Amino acid sequence: MSVLLSVRLLPLLWGCSCLCLSSLASGALLISRDNEPSQEETGAARLLQKRSAHGTMVEVHSVMVDCTVTSRFAHTVITSLALNKANLSQEISFEVELPKSAFITNFSMEIEGQVYVGEVKEKEKAKKQYEKAVSSGQTAGLVKASGRKMEKFSVSVNIAAESNVTFVLTYEELLQRKMGQYEILTRVKPKTLVKQFQIATNIYEPKGLSQVDVSTTFLSNELLPLVEKTVTDKKAHILFSPSMEQQRKCPDCDGTLIDGDFVIKYDVNRETGLGDIQIVNGYFVHFFAPPDLPVVPKNVVFVIDKSGSMAGRKIAQTREAMVAILEDLDEEDHFALIQFATEVSLWSETLTKATKENVAKAIDYIKSLKHGGGTDINSAMMSAVSLLSQDRQANRLPETSIDMIILLTDGMPNAGVSDIPMIQENVRASIGGNMSLFCLGFGHDVDYSFLDVMSTQNNGLARRIYQGSDAALQLQGFYEEVSSPLLLEVDMQYPKNTVDFVTTSHFSQLFNGSEIVVAGQLMDNDLDTFLVEVLGQGYDDVFRASGQADVLDWSMMYPDEQYIFGDFTERMWAYLTIQQLLDKSKSGEPDERTNATAEALEMSLRYNFVTPLTSMVVIKPETEDGPDRPLIANKLTEDQRQQAEKMGYQYMSPALPASYVPTYFVDGDPHFMIELPDNDDALCFNINNIPGTIFNLVRDPKSGILVNGQIIGDKKILPNGVINTYFGRFGIIHQILGFRMEVSTQEISVFQDDKQVKLLWTDTASLKGPKVDLLVTKDRSLTVTLKDSVKFVILLHKVWAKHPYHQDYLGFYTLDSHLLSPSVHGLLGQFYHGIAYEVTDLRPGETPEKPDATMHVKGHDLNVTRGWQRDFRTNVKEGEHVPCWFIHNNGTGLIDGDVSDYVVSGLFKTV
């Protein structure tokens, strides 16, 4: 989750987040967004302007995150205390980012001794209460989507002078095992020092802990002892509680060094056979992930969309991912490739065994993949099912093997059969339960709900692939999750006269690194044992395991703990049941959908879960500004979340984990772009100045890296008097490595150890050394890889020599920027460790396709415009249009200080 406390319309004071990356289920939080500011907001703005002379005088006294994980079920409580030290009332905001797979279970505010507690209600009833508040001119609180994996709960309340407020939020979720481990990631990004800051995580696993690892992206080796880790056989305690002095970036400054990710990874001991069964308070839970099973061969048909909308980076990233996926196939696997647009094209008429020779041929085929045409998903899917069915009937596939289809598409069906329910029924009927369908939806325009239902109907799942520089890694990561099946048709069997209300107990497959979880209720609460049997088809034989489930005595297992979470098995059962009912409400028959929806609603209300069917209502106290006002927390489906993100309701960018590889670049006239893949979004701004000006782009005093760029102008001033400028030279220094390089549109000069080497753009060449690797691709690009540090890519844009106006220029792209220190700065460098911003008030712009909006960033409210910037990495001639929020006036308000602060006197100068 993430905690942000702020004074309304003033700079954010605090930000921290904790999310479980292994728990990615559909669903998000969103309330609403008003296009026009309410009377209250306008009044608040005026009031704050009047008070500005006195300062906000709001102190974030404490932020406490308490996460208790019991047998994979996480119960998290976030408590924060804020003080209003001013002599006037102020509105204080509390924001929390939490995993989108979590259910909020409680929220309360304590103000002047009075506690206001949230109540979970049916969504329609809460909606009427909300609409009544909005119609009366009041502001309702909101909960909205935030990034790929998170959703943000937000509430604001008016606090009297010299008073305080305590916020408490609770949420729960079942951690999912992925790639052999559970992961808890806490993203901390404070904007100021906090008197009491603590992240405390307690993990209780009765079978014992096989590993517990803690790492951070923001603490040096000298400061790692600030993290306390205590691990015994069955318990782990991790504490991070730095004092204000330990939080300081430097002894005499108020800046905080805590800026990045705090990661806990763990797994449990695993026994062969039956797995782990726990009975507590009349409910049981069964975890099944037997180790050391051989992988079952797979027969997989890759169905790849190559329609016109896949142009540019999408098709390039698809080719890149498919090459890696094909290389990872086992020789016992069989595969086929189908590409489709308006027409369907098969690589071969049958599936092919994954020998090295066949994989090499397939890779050559994939590398030739080109876009163009419409989107005929129905015909492509029928071809895939037919291929698998014919090969299975002809006994060309191993008898014990799993049949899979992986569909990748970025758009709506608009060729052939385009009726979505008809396509879903055609696919369901043709598959007939005999194979699994996994659907990957690429980008914003795809109909995710269509893919989600279709995959659920066919023993698979859907996943969104976000547009960004890491899209290929997302594709590969998903494939790794489903590439190693261990068991097929797994049946978890329990005595019918003993247990009742059991969650899903039949699973089409179990993949290596994952886990099956089943929960249920005992008919007799006093029962302390019953027989369990597990059946499945393994690689070379039927898998069978049986044994007794026994009650666990938690007081004996954890005698020193005053354990207060004894009902975790019941709540885990409720959590699983609701999730599965919500799935059935989307993909079952009409009567099944109706009944599933009603049951899910009843259980959500009974267990106080905020789900897509319920809302949490908190009545804010009456103030001098108005009467009681309801705050409503909703949870959306993944499809609704996608639509909200597409419309630009909310973008929030914390520091990004290294695996996301964000890109920062300057190219064109010169446009600066900050790509934020975690949000599927980007920011861009322009810098206008006279030719010859040299700007500092990156400056990292700790690592000794410096990058400056000099702009050049067109040969002639355009008839309208506009001077277009571009980057024509770059200077790069790495002081620790003793390395310096100057890049112009004519040549590349490298200086190291008193030696100079010159490379020409007219040749393809490479230099590899212990400190620096250089790769020049003729008349196209230069890749600079600095040892254990950042990677730069410089593109050469060649212009017709006799062009009357333009001349050759350069583009500059930064990769792996997370490897630089927190002190990095510069026009690009200041964004390398993330930026918090919020986009609201979407409204028509000067042109219909480029709407305007208000961006709240660094304490400023900026008018921004939705537009496009070209990324030339995959096509140096034409480039790919990347959507971004354009910040006007030389990036004023987004960049620190003024643009003139970044002008330097020489290509290798800092001032």
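Enquirer: Mind showing me how you'd approach the side chain of Ser604 here?
Expert: Inspection of the secondary structure assignment puts Ser604 in helix α12 (residues 590-606). We classify Ser604 as buried; its relative accessible area is 0%. A polar contact of 2.7 Å, which involves the side chain of Ser604, links it to the backbone oxygen of Ala600.

Enquirer: Got a minute to help me understand the state of the cysteines in this structure?
Expert: Simply put, the disulfide is a covalent bond whose two ends are the sulfur atoms of two cysteines. Summed over all chains, the structure comprises 1 disulfide. Across the disulfide, Cys684 is cross-linked to Cys884 (sulfur-sulfur distance 2.1 Å). Between Cys684 and Cys884, the S-S torsion sits near 55°, and that sign places the bridge as right-handed. With Cys684 in strand β37 (residues 681-686) and Cys884 in strand β52 (residues 880-887), the pair connects residues that are 200 residues apart, well separated along the chain. Here Cys884 falls in the buried class, since its relative accessible area comes to 1%.

Enquirer: Help me out: how do you make sense of the packing of aromatic side chains in this one?
Expert: Any aromatic ring pair is given by two values, namely how distant the centres are and how the planes are angled relative to each other. Applying the stated criterion to the full structure yields 28 aromatic pairs. Arranged with centres 6.2 Å apart and planes meeting at 75°, the rings of Phe672 and Phe727 form a pair that is edge-to-face. With a gap of 55 residues between them, Phe672 in strand β36 (residues 671-676) and Phe727 in strand β40 (residues 725-734) connect regions that are remote in the sequence. A cation over an aromatic ring shows up here: Arg740 above the ring of Phe751, its NZ or CZ 4.6 Å from the ring centre. Note that Arg866 overlies the ring of Trp885, its terminal NZ or CZ placed 4.7 Å from the centroid.

Enquirer: Sorry, what's going on with helix α6 (residues 377-393) here?
Expert: What sets the pattern is the α-helix's 3.6 residues per turn: residues three or four places apart point alike. Between the first and last C-alpha of α6 there are 24 Å, a value that for 17 residues agrees with the 24 Å anticipated at 1.5 Å per step. All buried positions along α6 are accounted for by Ile377, Asn378, Ala380, Met381, Ala384, Val385, Leu387, Leu388 and Asp391. Immediately beyond the C-terminal end of α6, within one or two residues, lies Asn395, with a positive phi of roughly 55°.

Enquirer: Whenever I open this one, the sheet that holds strand β16 (residues 235-240) confuses me. Can you help?
Expert: The strands making up a sheet associate through backbone hydrogen bonding, with each pair oriented either parallel or antiparallel. Here 8 strands make up an open sheet; going across it, the order is β7-β6-β11-β4-β3-β13-β16-β15 and the pairing mixed. Where the open sheet ends on each side, the last strands, each with one partner, are β7 (114-117) and β15 (227-231). With strand direction ignored, the average angle separating the axes of adjacent strands in the sheet is 10°. Bridge count for strand β3 (residues 58-70) against strand β4 (residues 73-84) is 12 bridges, and the pairing is antiparallel. Bridging from a neighbouring strand, Val63 pairs with Ser80 of β4.

Enquirer: Got a minute to help me understand the nonpolar core in this structure?
Expert: A general feature of soluble globular proteins is that nonpolar side chains tend to end up buried together. With 56 residues, the main nonpolar core has Leu683, Leu697, Met741 and Leu782 as its most contacted residues. Every residue in contact with Met741, bar those within four places of it in the chain, is listed here: Phe730, Gly731, Ile732, Ile748, Ser749, Val750, Leu774, Leu782, Val784 and Phe908. Among the nonpolar cores identified, the runner-up in size contains 54 residues, and Leu98, Ile111, Ile199 and Ile258 belong to it.

Enquirer: Teacher, can you tell me more about a negative patch on the surface here?
Expert: A cluster of acidic residues, Glu327, Asp328, Asp330, Glu331, Glu332 and Glu480, forms a negative patch at the surface. Turning to its location among the elements, Glu332 is positioned in the loop between α4 (313-327) and β21 (334-340). By relative accessible area, which is 39% here, Glu332 ends up partly exposed.

Enquirer: Which parts of the structure should I look at to understand the packing of helix α7 (residues 420-431) against helix α8 (residues 448-456)?
Expert: To describe two helices that pack against each other, one gives the angle between their axes and the distance between the axes. Their axes nearest at 10 Å, the elements α7 and α8 cross at an angle of 20°. Taken together, the axes of α7 and α8 are roughly parallel relative to one another. In this structure, α7 crosses over α8, and the sense of that crossing is right-handed. On α8, the residues that touch Ile420, Ile423, Gln424 and Val427 of α7 are Ser449, Phe450, Val453 and Met454. Partitioning the contact of α7 with α8 into residue classes produces 6 nonpolar, 2 polar and no charged.

Enquirer: Would you mind going over the environment of Met382 with me for this structure?
Expert: In this structure, Met382 sits in helix α6. By relative accessible area, which is 26% here, Met382 ends up partly exposed. In this structure, the C-alpha to C-alpha distance between Met382 and Ile423, residues 41 residues apart in sequence, is 9.6 Å. Setting aside residues up to four positions removed in sequence, Met382 forms contacts with Asn426, Val427 and Ser430.

Cut-offs and rules
- Residues numbered from 1 in each chain as written.
- Predicted model: local features only at pLDDT ≥ 70, side-chain atom pairs only at ≥ 80, totals over all residues.
- Heavy atoms only, no water.
- Helix = DSSP H or I, 4+ residues; strand = E, 2+ residues; numbered from the N terminus.
- Buried < 20%, exposed > 50% of the residue type's maximum accessible area, 1.4 Å probe, protein only.
- Polar contact = N/O pair within 3.5 Å; in protein donor to acceptor, adjacent residues only side chain to side chain.
- Disulfide = S-S within 2.5 Å.
- Phe/Tyr/Trp six-rings, centres within 6.5 Å; stacked < 30°, edge-to-face > 60°.
- Lys NZ or Arg CZ within 6 Å of the ring centre and 35° of its normal.
- Expected span 1.5 Å × (residues − 1).
- Pairing = 2+ DSSP bridges.
- Axes fitted to C-alpha atoms, helices over the stretch in contact; angles between N-to-C directions.
- Core = buried A, V, L, I, M, F, W, Y, C linked by side-chain atoms within 4.5 Å.
- Contact = heavy atoms within 4.5 Å.
- Patch = residues over 30% accessible without salt bridge, like charges linked within 9 Å, V, L, I, M, F, W, Y side chains within 5 Å.
- Areas by Shrake-Rupley, 256 points an atom, 1.4 Å probe, with all protein chains shown as cover.
- Salt bridge = Lys/Arg side-chain N within 4 Å of Asp/Glu carboxyl O.
- Lys, Arg positive; Asp, Glu negative; His and termini not counted.
- Charge placed at Lys NZ, Arg CZ, Asp CG, Glu CD.
- Parallel < 35°, antiparallel > 145°, perpendicular 65-115°, else oblique.
- Left-handed = near helix turned anticlockwise from the far one by under 90°.
- Nonpolar A, V, L, I, M, F, W, Y, C, P; charged D, E, K, R; others polar.

That is the geometry; function is a separate question.
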